[in-house]
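# Per-entry structural report
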Amino acid sequence: MAPIVARLVSVGKPYLVPGKLLVKEYWFEVPLDHDDPKSKPIKLFARSAIKHERPIVETSEPVQRPFLVYLQGGPGGGTPAPQDSPLSSFMLDRGYELLFLDQRGTGLSSTVSANTLELIGGPQEQADYLKLFRADTLVKDSEAVRLCLTKNYPPEKKKWSTFGQSFGGMMTLTYLSFAPEGLRECFITGGLAALDKGPDEVYTATYRKVIERNEAYYKKFPEDVATVKFVAEKIRELGGKKGIPLPGGGFLTVQRLMTVGLNFGVHGGLDRVHNYIVRMKGDLDQFGFFTRYTLNELEQDNTWDTCPIYTVLHEPIWCYVPGIAARWAAERVGKALNQYQWLQSDWAGPASLGDKPLYFSGEMIYPFHFETCSELIKLKETANILAEYNQWPPLYDIQQLAKNEVPVYAASYNDMYVDPDMARVTASRIKGIKVFETNVLYHNAVRARTEDVIPQLLKLRDDSID
């Protein structure tokens, strides 16, 4: 079957953004199911950006710059505005036209929420709909948009470059596997995920990194060994079994508090968690309860409620071939670890730990998210259906990657989210890849330490290795 070409619905008038960025907004239509071109169309939103220049002599000749499309991490997050992206500071001067395409279900592209999913039907219909929102379909969307935008370009300009952060890097591996003909070059940061490891194996590895980061946290803030357990006991006392009501409709339980450990994988994350604990202890010491400000800060700590795709489709991103179901792998693996006995339904509480610390979780999704997060409560049955589903399409073609001809430049970190050992194996299976690896940067380095990342990738691109 011939590839789908997106239908261009509209193009906005270009507008100037401070920083000399000329931005355009696009709306496209693609079929919900690319294997059924007549399926219901859905809309995709994108912004492009070029470097704005005022030439001495104006020309009417159209300028066709090579596209560099940003593949957002997540899954579930929308792309940033061009002026908020670190790519704009480096790539526009190189002559690229940047494209920030919101993946389906994220940002403005047929946004997924509990309310929009209600329009689809009940839990089974919602689950069937969301099965079409993984990387294999996102690549087809991207190719459809590329073919649309470059249809009048000369052959040498029809391919585009990609820059994939985190999940966007995983999506890049899918792109290289199934549609390499559309790619000129690929940049990957923190996204060299395992190609043939299922959820159980992935979480076994990432729990080890999370435990290391917990140990680093308690080494930096030793007084928090006692303080975290004190706060946890108070949550149980004040909230009972259901938890303390949060301003947005969710509930604060000990289990939900432990999920702020997701911050341990980014620059500044240890301090952020410590600040939460200091504030919570301060509230309890002064008032005997948690203030609205504190509860709101905790509820907004992650995008559980605003980016539900991140939660409902997180474990399925590790289901790399048919026959694998996630079945709440993070919970199953965690329950077998001494550090995560709080996942057990009969856990005796913080006091049972004695002098041992209470360990935070990392980038793991648990069934209790769908009992404590206001938006996700409505999607509990849908999430359970997806957790049991085992007919996911393949995500990677290892044979194709072994004969890859597309230049790939990657940054790999001391990463709590994407296991470094697995990343090395993945890199070894991609022909021609060049990797910048460091143990002094974390997962969000492309944003938090941009000057340490993008120039290194460009050196890999521009220079030779003897």
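Residues numbered from 1 in each chain as written. Predicted model: local features only at pLDDT ≥ 70, side-chain atom pairs only at ≥ 80, totals over all residues. Heavy atoms only, no water.

### Some words on the overall build of the protein
The secondary structure content of the protein amounts to 19 helices and twelve strands. Expressed along its principal axes, the backbone C-alpha trace of the protein runs to roughly 70 × 50 × 45 Å. Split into buried and exposed, the 466 residues of the protein put 58% on the buried side. Put simply, 75% of the contacts in the protein that link residues at least 6 apart link residues at least 24 apart. Of the accessible surface of the protein, which amounts to about 20000 Å², a share of 51% is contributed by carbon and sulfur atoms. Here the protein carries 53 positive and 57 negative side-chain charges, and the mean point of each set is 2 Å from the other. (Helix = DSSP H or I, 4+ residues; strand = E, 2+ residues; numbered from the N terminus. Buried < 20%, exposed > 50% of the residue type's maximum accessible area, 1.4 Å probe, protein only. Contact = heavy atoms within 4.5 Å. Areas by Shrake-Rupley, 256 points an atom, 1.4 Å probe, with all protein chains shown as cover. Lys, Arg positive; Asp, Glu negative; His and termini not counted. Charge placed at Lys NZ, Arg CZ, Asp CG, Glu CD.)

### Concerning the state of the cysteines
For the structure shown, the criterion picks out zero disulfides. Cysteine 373 provides the cysteine sulfur closest to cysteine 307, a residue in no disulfide bond, and the two sulfurs are 12 Å apart. The exposure class of cysteine 307 is buried, given its relative accessible area of 17%. (Disulfide = S-S within 2.5 Å.)

### Details of the pattern of salt bridges
When charged atoms on two side chains of opposite charge get close, those side chains can pair. Per the counting criterion, the structure on display carries 24 salt bridges. Arginine 94 is paired through a salt bridge with aspartate 462; the nearest N and O atoms lie 2.6 Å apart. With arginine 94 in the loop between α1 (88–91) and β6 (97–101) and aspartate 462 in helix α19 (residues 450–462), this pair connects stretches of sequence that are 368 residues apart. A residue is classified by how much of its surface remains accessible, and aspartate 462, at 43% relative accessible area, is partly exposed. Of the charged contacts in the structure, one is a salt bridge between arginine 327 and glutamate 388, with a shortest N-O distance of 3.1 Å. (Salt bridge = Lys/Arg side-chain N within 4 Å of Asp/Glu carboxyl O.)

### Here we look at the nonpolar core
In terms of nonpolar packing, the biggest core is built from 125 residues, with Leu252, Leu358 and Phe360 touching the most fellow members. Tyr96, Leu441, Ala445 and Leu457 belong to the second-largest nonpolar core, a separate cluster that totals 27 residues. (Core = buried A, V, L, I, M, F, W, Y, C linked by side-chain atoms within 4.5 Å.)

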